[in-house]
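So the chains spell out like this:
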Number of protein chains: 2
Amino acid sequence: MASQLDFIGKDYIAGISNNPRAASRVSSVYSEVQASRIDHALPLPSVFKNPFKIIDGPPSSSAGHPEEIEKLFPNLFGQPSALLVLNQSDAVKSDQKLKIGVVLSGGQAPGGHNVICGIFDYLQEYVKGSSLFGFRGGPAGIMKGKYIELTSEFVYPYRNQGGFDMICSGRDKIETPEQFQQAEETVTKMDLDGLVVIGGDDSNTNACLLAEHFRGKNMKTRVIGCPKTIDGDLKSKEVPTSFGFDTACKIYSEMIGNVMIDARSTGKYYHFVRLMGRAASHITLECALQTHPNITIIGEEVFEKKLTLKNVTDNIVDVICKRAENGYNYGVVLVPEGLIDFIPEVQELISELNEVLAEGNVDEEGQWKKNLKEETLKIFEFLPQTIQEQLMLERDPHGNVQVAKIETEKMLIQMVETELDKKKKAGTYKREFMGKSHFFGYEGRCGLPTNFDATYCYALGYGAGSLLQSGKTGLISSVGNLAAPVEEWTVGGTALTSLMDVERRHGKFKPVIKKAMVELEGAPFKKFASQREEWALKNRYISPGPIQFKGPGSDARNHTLMLELGAQA
Amino acid sequence: MASQLDFIGKDYIAGISNNPRAASRVSSVYSEVQASRIDHALPLPSVFKNPFKIIDGPPSSSAGHPEEIEKLFPNLFGQPSALLVLNQSDAVKSDQKLKIGVVLSGGQAPGGHNVICGIFDYLQEYVKGSSLFGFRGGPAGIMKGKYIELTSEFVYPYRNQGGFDMICSGRDKIETPEQFQQAEETVTKMDLDGLVVIGGDDSNTNACLLAEHFRGKNMKTRVIGCPKTIDGDLKSKEVPTSFGFDTACKIYSEMIGNVMIDARSTGKYYHFVRLMGRAASHITLECALQTHPNITIIGEEVFEKKLTLKNVTDNIVDVICKRAENGYNYGVVLVPEGLIDFIPEVQELISELNEVLAEGNVDEEGQWKKNLKEETLKIFEFLPQTIQEQLMLERDPHGNVQVAKIETEKMLIQMVETELDKKKKAGTYKREFMGKSHFFGYEGRCGLPTNFDATYCYALGYGAGSLLQSGKTGLISSVGNLAAPVEEWTVGGTALTSLMDVERRHGKFKPVIKKAMVELEGAPFKKFASQREEWALKNRYISPGPIQFKGPGSDARNHTLMLELGAQA
């Protein structure tokens with residue numbers, strides 16, 4: 001694990017601030033824009049400019065099955081939300097120095113470094129003499145006791161920078177009793193007062209289980225979560241957005257906007273763009289709101305309306321034919337990478353295939369297909385040849401077909417091509433269709449955070465620090481009122497148990513934070529739905545351009561957030 | 001052809017400047033950043049702030065075979081370069097209004113709209129009452145007489161915007177005597193004093209042939225070229241760079257930088273990034289200088305050193321193994337899309353395949369392979385299975401294998417995988433190799449032009465206007481001294497014939513502007529070569545971040561240009 005870590009930071013440990021030799025070293029491995037961001041001063045919510053205290057709200061429940069959640073979290077269930085309020089006389093203060101650990105969990109999202117810097121600066125400002133430790137390589141770092149002390153010099157070059165490379169991340173989970181035991185040993189040995197877990201829905205569920213475990217054992221270590229994921233599917237009333245979503249969507253939208261202008265200039269290609277988001281289609285929806293593509297597929301709508309693969313294809317074909325009539329033989333189509341997970345018939349096909357293939361009787365002549373149900377066989381044969389082959393050949397070590405390997409945008413291009421060929425033969429479509437495929441994924445996870453994400457994360461970090469200082473545990477750092485100027489943002493914590501429901505797995509109830517899906521009745525989808533017809537047939541392309549850090553556009557917040565907050569984006 | 005055109009401009013014809021209703025309309029289809037760019041004022045070389053005259057240099061020759069070039073261009077050969085110089089008494093002026101046509105030719109490049117705006121504004125400022133016409137859809141617009149008058153209102157929304165959608169482009173060439181006749185008829189009917197051809201090497205050769213044709217017939221229509229191509233392979237001593245290269249490379253480098261930070265954060269993927277540039281590897285080299293990847297393949301070096309596909313693969317494998325020893329199991333590899341065109345053995349394979357396959361005797365058992373030479377067969381069998389199949393199955397209508405369809409980065413991943421598997425079995429490599437492929441192409445052709453490209457193109461347009469006003473023809477607009485502040489840039493024109501050589505095709509000499517290849521003795525390659533070993537084994541990743549229009553980094557010029565000019569980037 002350690003060998004996966006590569007600390008650009010170690011080059012800088014020997015004192016960078018106010019050290020011109022070291023500073024020139026920063027500029028030699030940093031681009032001008034990166035370097036300029038390091039010293040970019042971040043605004044803070046006004047509550048941190050004055051003495052504050054923390055007040056508790058009413059007792060909380062859970063997102064579902066409160067009695068089961070209470071059984072799983074006897075020590076934490078029902079905790080109130082916490083809110084920081086200005087208070088002169090009764091302000092939070094302590095002379096006791098704190099030892100805090102922090103861990104990055106799961107996939108990268110722009111802004112993670114700023115959460116850590118926020119915690120660090122909070123401790124420097126409010127609890128002088130405290131220490132912050134970064135667990136290396138994700139939760140495995142906690143279990144293995146691999147960590148590093150984060151000093152002022154160490155964190156400096158990561159300020160406002162993308163990536164998780166300060167301490168790196170990992171996808172391990174703390175699940176078994178032995179693993180909880182390991183975690184317990186590590187934090188006890190380190191004498192930690194608190195632990196901040198920066199992660200998505202699973203990681204925050206894990207954070208809450210750790211908080212419960214530590215509390216149950218009367219340990220002093222508190223646990224606070226932070227909402228991270230570019231997918232945007234970790235949010236609730238009190239946690240308006242997960243960090244990274246804003247930056248990632250703006251990076252993807254820059255590329256989509258460029259491709260759109262290219263499509264219009266060239267006049268002969270349909271660009272099919274697959275976007276990250278396997279479970280929910282927030283990224284695709286946000287990019288659509290930013291760029292106005294001709295066709296946008298939202299997985300949740302496909303699911304809700306029980307659309308088949310043929311329906312989805314026909315809808316695209318329909319728009320292409322109508323556009324051809326208007327003289328437009330080009331366009332842009334956005335596709336969420338999780339699309340086929342939303343189509344029940346494909347799920348059925350996959351599971352039948354897995355069964356049939358497990359029996360191993362796959363003959364060249366295709367007799368094995370007779371073992372598929374008639375309906376399922378139809379779907380299989382509707383798939384393009386190359387996708388059929390991919391499903392048959394590239395199976396995982398358990399022999400299962402690998403849905404995740406299907407390049408959805410290429411599959412759609414081929415299906416659309418086939419249908420258009422039929423129409424051409426029938427004389428109802430007379431143009432040439434040329435599809436170009438794109439996948440925007442890794443490009444968006446580690447970009448320089450936007451001003452919004454940089455500031456939001458810094459406030460999340462400050463918030464986490466303040467919650468730990470006042471002894472809170474089992475909360476997720478929550479910063480609200482995000483449509484207002486930063487000074488007016490609210491800071492607090494939300495009971496992680498209040499976000500939870502249970503799922504039954506292997507006969508047991510497991511706590512889960514339900515992923516926030518695109519709501520068809522929500523403001524973002526409704527705005528999209530009200531305009532998409534115009535976008536389909538006319539051309540209303542918008543090219544957002546590259547993320548700006550100064551000047552026009554530099555303070556824009558994403559449409560999804562603003563619409564959900566009832567504000568104009 | 002007309003149906004391929006989609007003028008967002010037509011929405012704006014009814015007077016936009018100083019019209020708040022229309023202006024709000026701009027903002028409704030433009031992003032905040034796009035809108036802010038429209039009114040961005042561009043600096044001009046100081047020669048345009050004062051009265052100037054044009055002086056001629058010494059007679060020119062050609063890049064090669066001067067006697068053949070002279071035969072092909074009897075009226076133009078030997079023309080001197082032209083240079084604008086400040087001059088109070090003897091300044092260029094004319095009361096005669098001009099009618100000028102402009103055409104965009106070939107693939108999109110950021111800045112094309114600004115060349116047109118530059119010509120337009122020049123005419124407005126220096127030759128009031130003149131008219132500018134845009135030929136629609138490229139050279140076909142000249143042949144078919146399809147054009148539109150460009151008014152102040154029409155060009156306004158395209159100022160500093162990416163794309164070629166103002167008048168669109170096309171790839172047709174004016175080649176046959178009939179086509180020259182058509183062009184002649186169009187410009188005569190339009191009574192054009194001048195024509196500006198914005199394009200790459202082929203289009204500028206075409207421009208020169210038109211200039212020769214018009215001059216030979218004593219027509220009044222002059223022709224001026226402008227150097228356009230993101231590939232960066234149209235340049236000479238007097239034409240230091242082609243427009244679009246700066247923006248495209250910065251867009252690709254933003255993405256590469258993001259992927260690098262992701263690679264370092266995740267610690268387990270090798271990202272293979274294919275970049276545009278079929279003929280020359282300038283884009284790949286520039287992106288390498290901007291981002292410091294672990295491995296960069298430069299086609300010209302592969303060719304010069306006569307590397308085989310196995311050599312290229314082994315070099316990559318070698319770096320991967322050494323990095324693994326240092327604990328780094330991740331990295332970034334840049335690959336020019338034209339790579340295999342630089343490998344003679346692959347060219348040999350392709351031509352043998354085309355012959356053997358033309359005979360049609362392809363049997364399932366592979367007996368046909370016996371018709372390949374032994375060496376060629378070896379190379380074929382070194383190719384990954386999927387590439388072999390692709391070559392065999394996806395042939396063009398003439399039955400030829402389609403090299404352009406090969407996804408070079410995926411091919412390399414598979415070859416590297418195969419070699420590493422061997423090493424694994426031999427115990428000399430112990431890690432897991434996971435390759436991820438990317439292709440950055442269309443994303444870079446239509447981005448908002450950088451401040452450099454926006455300003456450079458505007459000056460090119462002004463220059464073209466001034467050359468036409470003073471009756472020049474057969475020159476390419478050339479703006480020099482680009483390392484200096486804009487005020488000090490030089491403006492002039494270079495004889496297109498001086499850039500030319502001949503190639504023998506079908507027994508005839510054809511004039512060509514030789515593509516400028518990456519020179520292994522040039523400063524950009526030398527800088528790269530002197531640092532690449534360090535980049536390979538250590539990690540010196542630089543993330544340039546998104547293009548900025550204001551603040552730090554917004555005035556950066558690309559490394560290739562600055563190094564070639566002998567300046568520090």
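Note that this is a predicted model, so its numbers are computed, not measured. (Residues numbered from 1 in each chain as written. Chains lettered and ligands numbered in written order. Predicted model: local features only at pLDDT ≥ 70, side-chain atom pairs only at ≥ 80, totals over all residues. Heavy atoms only, no water.)

A. Expanded view of the UniProt feature "site: Important for catalytic activity" (unreviewed entry) in chain A. Residue and element names in this part refer to chain A. Per the UniProt record, "site: Important for catalytic activity" (unreviewed entry) is found at Lys228. Inspection of the secondary structure assignment puts Lys228 in the loop between strand 7 (222–227) and helix 9 (245–266). Overall, the relative accessible area of 5% leaves Lys228 in the buried class. In this structure Lys228 touches Ser105, Gly106, Gly107, Ala109, Phe164, Ile198, Gly199, Gly200, Leu234, Ser242 and Phe243, once residues within four positions along its chain are discounted. Within the structure, Lys228 has its side chain in polar contact with the backbone oxygen of Ser105 (distance 2.8 Å). (UniProt positions renumbered as here; feature names shortened; annotations may be inferred. Helix = DSSP H or I, 4+ residues; strand = E, 2+ residues; numbered from the N terminus. Buried < 20%, exposed > 50% of the residue type's maximum accessible area, 1.4 Å probe, protein only. Contact = heavy atoms within 4.5 Å. Polar contact = N/O pair within 3.5 Å; in protein donor to acceptor, adjacent residues only side chain to side chain.)

B. Summary view of helix 14 (residues 374–382) of chain B. All names here are of chain B. Taken together, the buried positions of helix 14 are occupied by Thr376, Ile379 and Phe380. Looking straight down helix 14, one finds its buried side chains confined to an arc of 100 degrees; they lie on one side. In helix 14, the exposed positions that point more than 90 degrees away from the buried face belong to Glu374 and Lys378. Of the surrounding secondary structure, the elements contacted by the buried residues of helix 14 are helix 13 (344–358) and helix 15 (385–393). (Arc of directions from axis to C-beta.)

C. Region of the structure containing the packing of helix 7 (residues 177–190) of chain A against helix 8 (residues 201–216) of chain A. Residue and element names in this part refer to chain A. Interaxial distance between helix 7 and helix 8 falls to 11 Å at its minimum, and their mutual angle equals 70 degrees. Viewed along their axes, helix 7 and helix 8 adopt a mutual orientation that is roughly perpendicular. Crossing of helix 7 over helix 8 shows right-handed handedness. Across the interface between the two elements, Phe180, Ala183, Glu184 and Val187 from helix 7 touch Leu209, Leu210, His213 and Phe214 from helix 8. In the contact of helix 7 with helix 8, the residues fall into six nonpolar, one polar and one charged. (Axes fitted to C-alpha atoms, helices over the stretch in contact; angles between N-to-C directions. Parallel < 35°, antiparallel > 145°, perpendicular 65-115°, else oblique. Left-handed = near helix turned anticlockwise from the far one by under 90°. Nonpolar A, V, L, I, M, F, W, Y, C, P; charged D, E, K, R; others polar.)

D. Quick peek at the relation of the copies chain B and chain A. Rotating chain B by 180 degrees and moving it 0.0 Å along the rotation axis overlays it on chain A with an RMSD of 0.0 Å. The operation mapping one copy onto its partner corresponds to a two-fold rotation axis. (Least-squares fit on C-alpha atoms with pLDDT ≥ 70 in both.)

E. Spotlight on the sheet that holds strand 10 (residues 331–336) of chain A. Residues and elements named next belong to chain A. Pairing in this open sheet of four strands is parallel, and the strands run 9-10-8-11 from one edge to the other. The open sheet has two edge strands, strand 9 (295–296) and strand 11 (435–440), and neither has a second partner. In this sheet, strand 10 lies alongside strand 9 in parallel orientation, the contact comprising two bridges. From the neighbouring strand, Thr296 faces strand 10, where its bridge partner is Leu334. Sheet strands in contact with helix 10 (residues 282–291) are strand 8 (270–275), strand 9 and strand 10, and its direction is about 155 degrees off that of strand 10. (Pairing = 2+ DSSP bridges.)

F. Layout of the sheet that holds strand 10 (residues 331–336) of chain B. Ordered by their spatial adjacency, four strands build an open sheet running 9-10-8-11 (chain B), and the pairing between neighbours is parallel. With one partner strand each, in any of the chains shown, strand 9 (295–296) and strand 11 (435–440) of chain B form the two edges of the open sheet.

G. Structural detail: the interface of chain B and chain A. Taken together, the 64 residues of chain B in the interface contact 64 residues of chain A. Summed over both sides, the interface of chain B with chain A buries roughly 5200 Å², with 51% coming from carbon and sulfur. Taken together, chain B and chain A are joined by six salt bridges. The partner of A:Glu407 in a salt bridge is B:Lys410, and the shortest N-O contact between them spans 3.6 Å. At the junction of chain B and chain A, the tally comes to 30 residue pairs in polar contact (both at pLDDT 80 or more). When contributions to the side of chain B that touches chain A are tallied by element, the ones reaching two or more residues are helix 1 (20–29), helix 2 (32–38), helix 9 (245–266), strand 11 and helix 17 (442–445) of chain B. (Buried area = accessible area lost by both parts, 1.4 Å probe. Salt bridge = Lys/Arg side-chain N within 4 Å of Asp/Glu carboxyl O.)

H. Summary view of the side chain of A:Gln108. As for its placement among the helices and strands, A:Gln108 is situated in the loop between strand 3 (99–104) and helix 4 (112–126). What makes A:Gln108 buried here is its relative accessible area of 4%. Of the polar contacts made by the side chain of A:Gln108, one reaches the side chain of B:Asp262; its length is 3.3 Å. Within polar-contact distance, the side chain of A:Gln108 engages the side chain of B:Thr266 at 2.8 Å. Apart from residues no more than four positions distant in its own chain, A:Gln108 is found in contact with A:Phe164, A:Ser169, A:Ile230, A:Arg445, A:Cys446, B:Asp262, B:Ser265 and B:Thr266.

I. Structural detail: the packing of helix 12 (residues 309–325) of chain B against helix 16 (residues 408–426) of chain B. Residues and elements named next belong to chain B. For the pair helix 12 and helix 16, the least separation of the axes is 9 Å and the interaxial angle reads 65 degrees. Once helix 12 is placed against helix 16, the crossing between them reads as right-handed. Here helix 12 contributes Leu309, Lys310, Val312, Thr313, Asp314, Ile316, Val317, Ile320 and Cys321 to the contact with helix 16, which in turn contributes Met411, Leu412, Met415, Val416, Glu419, Leu420 and Lys423. A breakdown of the residues in the contact of helix 12 with helix 16 according to their chemical character gives eleven nonpolar, one polar and four charged.

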